[in-house]
Amino acid sequence: MSKQYWKTPPDMMDALQAKYAFDFDPCPYPRPDGFDGLTVDWGKCNWVNPPFTGGVMAWVRKAIIERERGNISVIILPIYQVRAISVLDDTGAELSYAGKPQWLALEDDEPNPVRLQDRQPCLFAVLWPNKAHRADRKGGG
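Residues numbered from 1 in each chain as written. Predicted model: local features only at pLDDT ≥ 70, side-chain atom pairs only at ≥ 80, totals over all residues. Heavy atoms only, no water.

Participant: So what's going on with the overall build of the protein? Residues and values would help.
Facilitator: When helices and strands are counted, the protein shows four helices and six strands. Put simply, the protein runs from its N terminus to its C terminus through helices and strands in the order β-α-β-α-β-α-β-β-β-α. Burial analysis of the protein (141 residues in total) assigns 42% to the buried set. At a minimum sequence separation of 6, the contacts of the protein that also span at least 24 residues come to 70%. (Helix = DSSP H or I, 4+ residues; strand = E, 2+ residues; numbered from the N terminus. Buried < 20%, exposed > 50% of the residue type's maximum accessible area, 1.4 Å probe, protein only. Contact = heavy atoms within 4.5 Å.)

Participant: Hey, could you go over the pairing of strand β2 (residues 45–48) for me, with residue numbers and the actual values?
Facilitator: Side chains Cys45 and Trp47 project from β2 onto one buried face, and the interleaved Asn46 and Val48 project onto a second face that is buried too. Inspection of the sheet shows β2 paired to strand β3 (residues 72–78) by four bridges, in the parallel sense. Note that in β3 the partner of Cys45 across the bridge is Ile72. Each parallel crossover has a hand, and the one from β2 via helix α2 (residues 56–68) to β3 is right-handed. (Pairing = 2+ DSSP bridges. Right-handed = clockwise from strand over helix to strand, strands pointing away.)

Participant: Which residues make up the pattern of salt bridges, and what values do they have?
Facilitator: For the structure shown, the criterion picks out five salt bridges. In this structure, the salt-bridge partner of Arg69 is Asp41, at a minimum N-O distance of 3.1 Å. Linking Arg69 in the loop between α2 and β3 with Asp41 in the loop between α1 (10–20) and β2, this pair joins segments that are 28 residues apart in sequence. According to the relative accessible area criterion, Arg69 is partly exposed, its value standing at 46%. Of the residues examined, Asp41 reaches a relative accessible area of 59% and is grouped as exposed. The salt bridge involving Lys62 is made with Glu66; its shortest N-O contact spans 2.9 Å. Of this pair, Lys62 and Glu66 both sit in helix α2, separated by four residues, roughly a single helical turn. The same class applies to Lys62 and to Glu66, which are both buried. (Salt bridge = Lys/Arg side-chain N within 4 Å of Asp/Glu carboxyl O.)

Participant: I'd like a rundown of α2, residues and numbers included.
Facilitator: Helix length check: α2 (13 residues) gives 19 Å between terminal C-alpha atoms against 18 Å at 1.5 Å per residue, within 8%. Among the residues making up α2, those that are buried are Val56, Met57, Trp59, Val60, Lys62, Ala63, Ile64, Glu66 and Arg67. Contacts from the buried residues of α2 go to β2, β3, α3 (82–90) and β6 (122–127). Looking one or two residues past α2, Gly70 carries a phi angle of roughly 95°, positive in sign. (Expected span 1.5 Å × (residues − 1).)

Participant: Residue-level account of the packing of α2 against α3, with values.
Facilitator: Viewed as axis vectors pointing N to C, α2 and α3 meet at an angle of 10°, and their least axial separation amounts to 9 Å. By the angle between their axes, α2 is roughly parallel relative to α3. Pair α2 / α3 crosses with right-handed handedness. The residues of α3 that touch α2, namely those facing Val56, Met57, Val60 and Ile64, are Arg83, Ala84, Val87 and Leu88. Tallied by class, the residues present in the contact of α2 with α3 amount to seven nonpolar, no polar and one charged. (Axes fitted to C-alpha atoms, helices over the stretch in contact; angles between N-to-C directions. Parallel < 35°, antiparallel > 145°, perpendicular 65-115°, else oblique. Left-handed = near helix turned anticlockwise from the far one by under 90°. Nonpolar A, V, L, I, M, F, W, Y, C, P; charged D, E, K, R; others polar.)

See the structure below:
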């Protein structure tokens, strides 16, 4: 059976939790029956590790809405999600390199077996509340 869904490595999650003190995960595992993280209100500080294929922009748009409500969101995305990263950058997200995580399989917690050089490099995007849009700070529109 091919594994398709992966969760955040515990060492990465522990460091992020210590730094941000997340109180909500709109992409939880296991996901409760009927739960849709795109349709509920998020917490004050959110960890967002969305599915990397299909629908990433919906998670980005929701994080931007939550920022406008005064909430912080930290999103991790692979760097190949250039459109989503560009939108996050344009809206003033703080971008930083997240490395090449070795994700764990949801089914059995086994690490993704790909070689280090084949892992996907990722970025963190932090959306701080009420942060001015980057275009506004540059004087653009």
